[in-house]
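Chain by chain, the residues run as shown.
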Amino acid sequence: MAGNKEKTFLWGAASAAYQVEGAWQADGKGLSNWDVYTNLYRVTEPGTGRQQTGNVAINAYDRAQYLSDIQLMRELGLGGYRFSLAWSRILPEGTGRVNAAGLDHYSRFVDDLLEAGLAPMVTLFHWDMPQALEDRGGWSSRDSVGWFRDYAAIVRERLADRVESFITFNEPFIDLFLIEPMVEIARGGFGDPGAITDAQWGRQALPMHHWMLASAETIGDFRAAGYKGEVGLALPLMPTLPEREGAPEDVAAAGLADAVINRWCLDAMFKGRYPDEVMAEFSRRDPQFAAVEADFPILAANRPDFLGVNFYAPAFVRHAAEAPLDFRWGAYNPDPKPQAFNGPVKPEYLKLLLERIRDDYGNPPVYITENGAGFGDSDERFERGLVLDPLRADYISRHIEAALAARAGGVDLRGYMVWSLFDNFEWMQGYDRRFGIIHVDFETQKRTRKQSFETYREIIAKGV
Ligand code: IFM
């Protein structure tokens, strides 16, 4: 996949370790923050009484299981598969001692994908941090930059001969400013995004900087080691729209939300600095943050090879004095019910977003590294061996159409990855939000193709 326009368009699917692997204590794996959160703090689900953890998830660590899953990928016609590594399988304490069994597992998985004709795209960090590092201050500590670089180097040495695409981090903003604060609030219950405080956001600016710095340093390390493939980041990008059109305070709020949610990381990646609004707002909340400017030359010197776009929906933004930075985002959705879990279904904003990246950031190579729709059990139904999910099928085909229209307009779009191939563990929502184009019975692990699987298969077969 490396930096090569002539290569064929990559049709893929994406996943993340904690959401699919299970086997939380297998083969010497250490605990991650999510193992601890789901097993120690989270209480049973209201209504169902289920304790929802990723202990079993969809059993994707199991080789017999994943080999049959790979057959489904082949049937779909995929060219690649994006997955993340569980850091604590490789380094149970986060640093120091390497667990050979964990590394061997991922090496075998890479071989099995390649054997099936699928290009692996490896995400190094998709939110599950070794608990041992969490206990040492986690991403708030500047040492986290070094911990991550060391872990990335171990992975590089083992996998880089066969993996042509790496993603350093997945969705910095969502993990640090939504999921982690919700987890903090939720210990002993379920997180409420509306309860996230300004003080919590203020504390997240330095961790955000540590992610961006660790990413840049890692890209530099890969290049220094002679790596010939491509290294990028996957960002959660969402056009921000004023909730009350024309209301000046919502227009201003949407502008600030754009700086924080979108431009913070985009500017870091392609301009080597952070937006002025971000510097002003967060230095006020954490004076230490003002000093991060000293690291900008490192960001500027290590521009990523590609941008991973995770797109689900635009965000409607309202001025709200009680919310962090005085804006509330994503609470309003004008769509009729049932509504997709991640926001209003508006594929035209994917096209606009891709065009904006082309125009404002020098038309970098882009993969859509996630796109898909989450609905509940009641929005799908079994019929003659298939699961009918017309809303998801429609969502996927309209978003692909929008993405390809942007590509026709000159956007350097190299591939599209659906989120997700299988229903899986959706973080705070556990197993109650289904995103898969293949249904999973979480009791039996039985896989059943959905209508959206057929839709995607036909699109892939038709080609670009
Ligand atoms: O499941 C998540 C994924 O881990 C990150 N991006 C959004 C997905 C759907 O909410």
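Residues numbered from 1 in each chain as written. Predicted model: local features only at pLDDT ≥ 70, side-chain atom pairs only at ≥ 80, totals over all residues. Heavy atoms only, no water.

> Looking at this structure, how should I read the pairing of strand E4 (residues 165–170)?
One face of the sheet, then the other: side chains in a regular strand alternate in exactly this way. Along E4, 6 of the 6 residues are buried, which leaves the element largely enclosed by surrounding structure. Taken together, the 4 bridges between E4 and strand E5 (residues 230–236) define a ladder with parallel strand orientation. Among the inter-strand pairings, Phe166 is bridged to a residue of E5, identified as Val231. (Buried < 20%, exposed > 50% of the residue type's maximum accessible area, 1.4 Å probe, protein only. Helix = DSSP H or I, 4+ residues; strand = E, 2+ residues; numbered from the N terminus. Pairing = 2+ DSSP bridges.)

> Mind showing me how you'd approach the packing of helix H3 (residues 63–76) against helix H5 (residues 100–115) here?
In helix packing, the relevant descriptors are the interaxial angle and the interaxial distance, both defined with respect to the helix axes. Close contact between H3 and H5 brings their axes to 11 Å; oriented N to C, the two are set at 30°. Put simply, H3 runs roughly parallel to H5. For the crossing formed where H3 meets H5, the hand is right-handed. Contact with H3, carried on its side by Arg63, Tyr66, Leu67, Ile70 and Met73, involves His105, Arg108, Phe109, Asp112 and Leu113 of H5 and no other residues of that element. Of the residues in the contact of H3 with H5, the class split is 6 nonpolar, 1 polar and 3 charged. (Axes fitted to C-alpha atoms, helices over the stretch in contact; angles between N-to-C directions. Parallel < 35°, antiparallel > 145°, perpendicular 65-115°, else oblique. Left-handed = near helix turned anticlockwise from the far one by under 90°. Contact = heavy atoms within 4.5 Å. Nonpolar A, V, L, I, M, F, W, Y, C, P; charged D, E, K, R; others polar.)

> For this particular structure, what's the right way to read the environment of Ala26?
Residue placement: Ala26 occurs in the loop between helix H1 (17–20) and helix H2 (33–41). For Ala26, a relative accessible area of 22% translates into the label partly exposed. The spacing of Ala26 and Ala195 is 169 residues in sequence and 36 Å in space, taken between C-alpha atoms. Those residues in contact with Ala26 that lie beyond four places of it in its chain are Tyr61 and Arg89.

> It is not clear to me how the nonpolar core should be interpreted in this structure. Could you clarify?
If you look at the biggest cluster of nonpolar residues, it comprises 151 residues, and the most contacted ones within it are Phe166, Tyr274 and Trp329. Counting residues per element, this core draws most heavily on helix H10 (residues 248–271), at 13 residues. Look past the residues within four positions of Phe166 in its chain and what remains in contact with it is Val122, Leu124, Val155, Leu159, Ala160, Phe222, Tyr227, Glu230, Val231, Gly232 and Phe306. (Core = buried A, V, L, I, M, F, W, Y, C linked by side-chain atoms within 4.5 Å.)

> Any chance you could explain the confidence of the model for the protein chain here in plain terms?
If pLDDT is low for a region, its predicted coordinates should not be looked at in detail. Overall, the predicted model of the protein chain reaches an average pLDDT of 95, with 95% of residues at or above 70. Contacts for the low-pLDDT stretch residues 1–6, under 50 throughout, to residues beyond four places or in other chains number 18 contacts. (pLDDT = per-residue confidence, 0-100.)

> Mind showing me how you'd approach the side chain of Arg82 here?
Within the secondary structure layout, Arg82 lies in strand E2 (residues 80–84). Reaching out from Arg82, the side chain makes a polar contact with the side chain of Asn170 at a distance of 2.8 Å. (Polar contact = N/O pair within 3.5 Å; in protein donor to acceptor, adjacent residues only side chain to side chain.)

> Quick question: what am I supposed to make of the sheet that holds strand E8 (residues 315–319) here?
With mixed pairing, the 3 strands of this open sheet are ordered in space as E6-E8-E9. Lying at the two open borders of the sheet, with one neighbouring strand each, are strand E6 (240–242) and strand E9 (327–329). Recorded for the sheet is a direction-independent mean angle of 35° between the axes of neighbouring strands. In this structure, E6 lies alongside E8, joined through 3 bridges in parallel fashion. Considered in E8, the bridge of Thr240 is made with Ala315.

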